[in-house]
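# Secondary and tertiary structure notes
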Amino acid sequence: MIHVTVHDALLAIDLQNDFLPGGALAVPQGDAVIPVVNHLTLLPFGQQAASQDWHPHGHVSFASTHGRKATPDHWPDHCVAGTHGAELAAALHQARIGMVIRKGRDPDIDSYSAFLDNDGATRTGLDSWLAGLGINRVFIVGLALDYCVRATAIDAKALGFAAIVVEDACRAVGPDPQATWQVLAQHGIERVQAADLAGL
Ligand code: VGL
Ligand code: ZN
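Source: prediction; values computed, not measured. (Residues numbered from 1 in each chain as written. Chains lettered and ligands numbered in written order. Predicted model: local features only at pLDDT ≥ 70, side-chain atom pairs only at ≥ 80, totals over all residues.)

Another aspect to go through is the overall build of the chain. Scanning the chain for helices and strands turns up 4 helices and 8 strands. From first element to last, N terminus to C terminus, the chain shows the α and β order β-β-α-β-β-α-β-α-β-α-β-β. Reported as C-alpha extents along the three principal axes, the dimensions of the chain are approximately 55 × 35 × 35 Å. Excluding contacts between residues fewer than 6 apart, the proportion of contacts in the chain whose partners are at least 24 apart in sequence is 76%. (Helix = DSSP H or I, 4+ residues; strand = E, 2+ residues; numbered from the N terminus. Contact = placed C-beta atoms within 7 Å.)

Let us look at the nonpolar core. Counting residues in each nonpolar core, the largest one holds 53 residues, and the members touching the most others are Leu-11, Val-138, Ile-140 and Val-141. Listing elements by their share of this core, those giving two or more residues are β2 (8-13), α1 (33-40), β3 (47-53), α2 (126-132), β5 (137-143), α3 (145-158) and β6 (162-171). A per-element tally of this core places α3 first, with 7 residues. With sequence-adjacent residues up to four places away left out, Ile-140 is seen in contact with Leu-11, Ile-13, Val-149, Thr-152, Ala-153, Ala-156, Ala-163 and Val-165. (Core = buried A, V, L, I, M, F, W, Y, C linked by C-beta atoms within 7 Å. Buried ≥ 20, exposed ≤ 12 C-beta atoms within 10 Å, placed from the backbone.)

This part takes up the site of ligand 1. As a matter of local geometry, ligand 1 sits amid Asp-14, Phe-19, Asp-53, Ser-61, Trp-75, Leu-143, Ala-144, Tyr-147 and Cys-148. A per-class count over the shell around ligand 1 returns 6 nonpolar, 1 polar and 2 charged. (Near = placed C-beta within 6 Å. Nonpolar A, V, L, I, M, F, W, Y, C, P; charged D, E, K, R; others polar.)

Right, let's talk about unusual backbone geometry for a bit. Of the consecutive residues Leu-143 and Ala-144, the connecting peptide bond is found in the cis state with omega at -15°. In this structure, Gln-29 takes a positive phi of about 60° despite not being glycine. Of note in the backbone geometry, Cys-79 takes a positive phi value of approximately 50° without being a glycine.

On to the UniProt feature "domain: Isochorismatase-like" (unreviewed entry) in the chain. As annotated by UniProt and renumbered to match this structure, "domain: Isochorismatase-like" (unreviewed entry) occupies residues 9-180. Taken end to end, residues 9-180 is 19% helix and 20% strand, and its two terminal C-alpha atoms sit 22 Å from one another. (UniProt positions renumbered as here; feature names shortened; annotations may be inferred.)

With that settled, consider the environment of His-3. Tracing the sequence through the fold places His-3 in strand β1 (residues 2-3). Given 11 C-beta atoms within 10 Å, His-3 falls into the exposed group. Those residues within four positions of His-3 in sequence are excluded, and the remaining contacts are Ala-198 and Leu-200.

When two helices pack together, their arrangement is given by the angle between the helix axes and the distance between those axes. At a minimum axis distance of 10 Å, the contact between α3 and helix α4 (residues 177-186) shows a crossing angle of 5°. Between α3 and α4, the interaxial angle falls into the category roughly parallel. Mapping the contact onto sequence places Leu-145, Asp-146, Arg-150 and Ala-153 in α3 and Pro-177, Thr-180, Val-183 and Leu-184 in α4. Its residues assigned to classes, the contact of α3 with α4 shows 5 nonpolar, 1 polar and 2 charged. (Axes fitted to C-alpha atoms, helices over the stretch in contact; angles between N-to-C directions. Parallel < 35°, antiparallel > 145°, perpendicular 65-115°, else oblique.)

Turning our eyes to something else, we now look at the pairing of β6. When you tally the buried positions in β6, you get 7 out of 10 residues, the bulk of the element. Relative to β6, β5 runs parallel, the two sharing 6 bridges. Paired with Leu-143 across the bridge in β6 is Arg-171. Pairing of β6 with strand β7 (residues 190-192) involves 3 bridges; the strand directions are parallel. Opposite Ile-164, over in β7, you have Glu-190 as the bridge partner. Read from β6 through α4 to β7, the crossover connection turns out right-handed. (Pairing = 2+ DSSP bridges. Right-handed = clockwise from strand over helix to strand, strands pointing away.)

Strand order in this open sheet of 6 strands is β4-β3-β2-β5-β6-β7, and the pairing throughout is parallel. Looking at the sheet topology across the chains shown, the edges are occupied by β4 (99-103) and β7. Direction aside, the axes of adjacent strands within the sheet are offset by 25° on average. Across 5 bridges, β2 lies against β3 in parallel orientation. By the bridge assignment for β3, Leu-10 is matched with Gln-48. Along the sheet, α3 makes contact with β2, β5 and β6, crossing β6 at roughly 165°.

Now the structure itself:
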């Protein structure tokens, strides 16, 4: 059992309509994580943050921008700023979420991580917000395990937080989640189930 304290934060990654079944970049069973995340929001985390993928039209990550078909790293148009697809899932309980980070806003740089753009240099400010409030450990949930959850966990660790990914509160968009778990383990990032977490 892991006891959640005020020094822990919950980071809910990209729980947006476009990543749910029927969305522009649907993650298989993406909607299944929402009740699990809603349950986790009731635990006594010191802070809770959500991220939103939030791209301008013509974003560098869109296959259409390059006149190409979608492949991994050249995605269908998704999460265009201000659209329904970019909104957080209506079923997500936002009552305890104190910060929403919008990432991927630079037309020329993608941003999988909620902490840093893919250039590895431009920060979103999430790390300072968390550290300034006494958070030293983050629990990461959401979509997609093999892209934005993975990048957020690796950056959390690199920025000095203990990082734990809650497996049943994540789903992958690609076929090989095992590869992601291996990389996360190599970075010293723990993998737990939602049922392993409890309040004191
Ligand atoms: C994501 C692909 C493109 C994600 C965002 O949230 O994992 N994946 N943009
Ligand atoms: Zn994106």
